[in-house]
Amino acid sequence: MTPAFFDRPAEAVARDLIGAVLTVDGVGGRIVETEAYDGEDPASHSYRGPTMRNAPMFGPPGRAYVYRIYGLHSCFNIVCDAAGSGSAVLIRALQPMEGLDVMQARRGVSARAQLCSGPGKLCQALAIDARLNGAPVTAPPFRLGAATEPVKVAHGRRIGISVAVETPWRFAEAGSPFLSRPMQGKIA
DNA sequence: GGCATGATGGCCT
DNA sequence: GGCCATCATGCCA
């Protein structure tokens, strides 16, 4: 996967990332849930323009934007669309594939369906933290491979936000048991 | 199953 | 000072 893949609107990238395989130092799995955000979007960190915290969102596409939320959890985004639009895709859930034992140890949980079923959980499982903020996801320790087979993608409302709740920019593999929450949208 | 709550840090008004 | 793109736990039904 090349940086050009990410140089598109976040909503398109978010959809196309479903089924892609993401690992950090060989630990990870298939992306099954994402959300798109951009600078026009009141729910986005980039909505009010660049700040120290959200600076990576206004940088080159294909880089990581990692932030801390509620003081304890990390969330992992991939920056999209150059031209300073402040867009990114939040990775919300993975289907664990590689390094299950490592993820279980980091999470303190053994059930596969709970290792990466949420943005904070997958960061803990893959050991993603502020160290990787701004790092290109197209180079080690990241590995990111496009989906190899067609995936049924559903979309619906995003989770955990209080504004722009009508913007249906959450994408997920239909019927996957590895989601943070069940999908209620329509098949795309 | 659902709902309430605490942990805990940086950013914004 | 208040607000979060969260998670785990505990209580009640």
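Keep in mind the model is a prediction, meaning the values are calculated, not measured.

Analysis parameters
Residues numbered from 1 in each chain as written. Chains lettered and ligands numbered in written order. Predicted model: local features only at pLDDT ≥ 70, side-chain atom pairs only at ≥ 80, totals over all residues. Heavy atoms only, no water. Helix = DSSP H or I, 4+ residues; strand = E, 2+ residues; numbered from the N terminus. Rg over C-alpha atoms; globule rule 2.2 N^0.38 Å. Contact = heavy atoms within 4.5 Å. Areas by Shrake-Rupley, 256 points an atom, 1.4 Å probe, with all protein chains shown as cover. Lys, Arg positive; Asp, Glu negative; His and termini not counted. Charge placed at Lys NZ, Arg CZ, Asp CG, Glu CD. Phe/Tyr/Trp six-rings, centres within 6.5 Å; stacked < 30°, edge-to-face > 60°. Lys NZ or Arg CZ within 6 Å of the ring centre and 35° of its normal. Salt bridge = Lys/Arg side-chain N within 4 Å of Asp/Glu carboxyl O. Buried < 20%, exposed > 50% of the residue type's maximum accessible area, 1.4 Å probe, protein only. Axes fitted to C-alpha atoms, helices over the stretch in contact; angles between N-to-C directions. Parallel < 35°, antiparallel > 145°, perpendicular 65-115°, else oblique. Left-handed = near helix turned anticlockwise from the far one by under 90°. Nonpolar A, V, L, I, M, F, W, Y, C, P; charged D, E, K, R; others polar. Core = buried A, V, L, I, M, F, W, Y, C linked by side-chain atoms within 4.5 Å.

Undergrad: Explain the overall build of chain A to me, please; I cannot follow it from the model alone.
TA: When its secondary structure is counted, chain A shows four helices and nine strands. Moving toward the C terminus, one meets the helices and strands of chain A in the order α-α-β-β-β-β-β-α-α-β-β-β-β. Its C-alpha atoms give chain A a radius of gyration of 15 Å, within 12% of the compact-globule value 16 Å for 188 residues. For chain A, the C-alpha atoms occupy an extent of roughly 40 × 35 × 35 Å along the three principal directions. Within chain A, residue pairs in contact and separated by at least 24 positions form 59% of the contacts whose partners lie at least 6 positions apart. Per element, the accessible surface of chain A, about 8,700 Å² overall, is 54% carbon and sulfur. If you average the places of the 20 positive and of the 16 negative side-chain charges in chain A, the two averages end up 6 Å apart.

Undergrad: How should I be thinking about the packing of aromatic side chains in this particular structure?
TA: Any aromatic ring pair is given by two values, namely how distant the centres are and how the planes are angled relative to each other. Scanning the entire structure with this criterion turns up three aromatic pairs. A cation over an aromatic ring shows up here: arginine 8 above the ring of phenylalanine 5, its NZ or CZ 4.7 Å from the ring centre. Here the guanidinium or amino end of arginine 158 rests over the ring plane of tyrosine 37, the centre of that ring lying 4.6 Å away.

Undergrad: Would you take a moment to explain the pattern of salt bridges for this structure?
TA: Two side chains carrying opposite charge are able to pair once their charged atoms lie near each other. Summed over all chains, the structure comprises nine salt bridges. Close ionic contact of arginine 30 with glutamate 173 constitutes a salt bridge, the shortest N to O distance being 3.1 Å. Placement of the pair is arginine 30 in strand E2 (residues 27-37) and glutamate 173 in strand E8 (residues 170-173), with a sequence separation of 143 residues. Like glutamate 173, arginine 30 is buried. With a shortest N-O distance of 3.0 Å, aspartate 129 and arginine 131 are connected by a salt bridge.

Undergrad: Is there a simple way to think about the packing of helix H3 (residues 100-107) against helix H4 (residues 119-126) in this case?
TA: When two helices pack together, their arrangement is captured by the angle between the axes and the distance separating the axes. Orientation of H3 relative to H4, taken along the N-to-C sense of each, is 115°, at an axis distance of 8 Å. The orientation of H3 with respect to H4, classified from their angle, is roughly perpendicular. The way H3 lies across H4 gives a crossing that is right-handed. Listed contacts from H4 to Met103, Arg106 and Arg107 of H3 are Lys121, Gln124, Ala125 and Leu126. Along the lines of polarity and charge, the residues of the contact of H3 with H4 split into three nonpolar, one polar and three charged.

Undergrad: Help me out: how do you make sense of the nonpolar core in this one?
TA: Nonpolar side chains in soluble globular proteins tend to be buried together. Counting residues in each nonpolar core, the largest one holds 37 residues, and the members touching the most others are Leu17, Ile31, Phe76, Ile91, Leu126, Ile128 and Phe142. Once you skip the residues sitting within four places of it in the chain, isoleucine 31 turns out to touch Leu17, Ile18, Gly19, Ala20, Leu22, Ile91, Ala93, Leu94 and Leu144. Among the nonpolar cores identified, the runner-up in size contains nine residues, and Tyr37, Met57, Tyr67 and Cys75 belong to it.

Geometric values such as these leave the question of function open.
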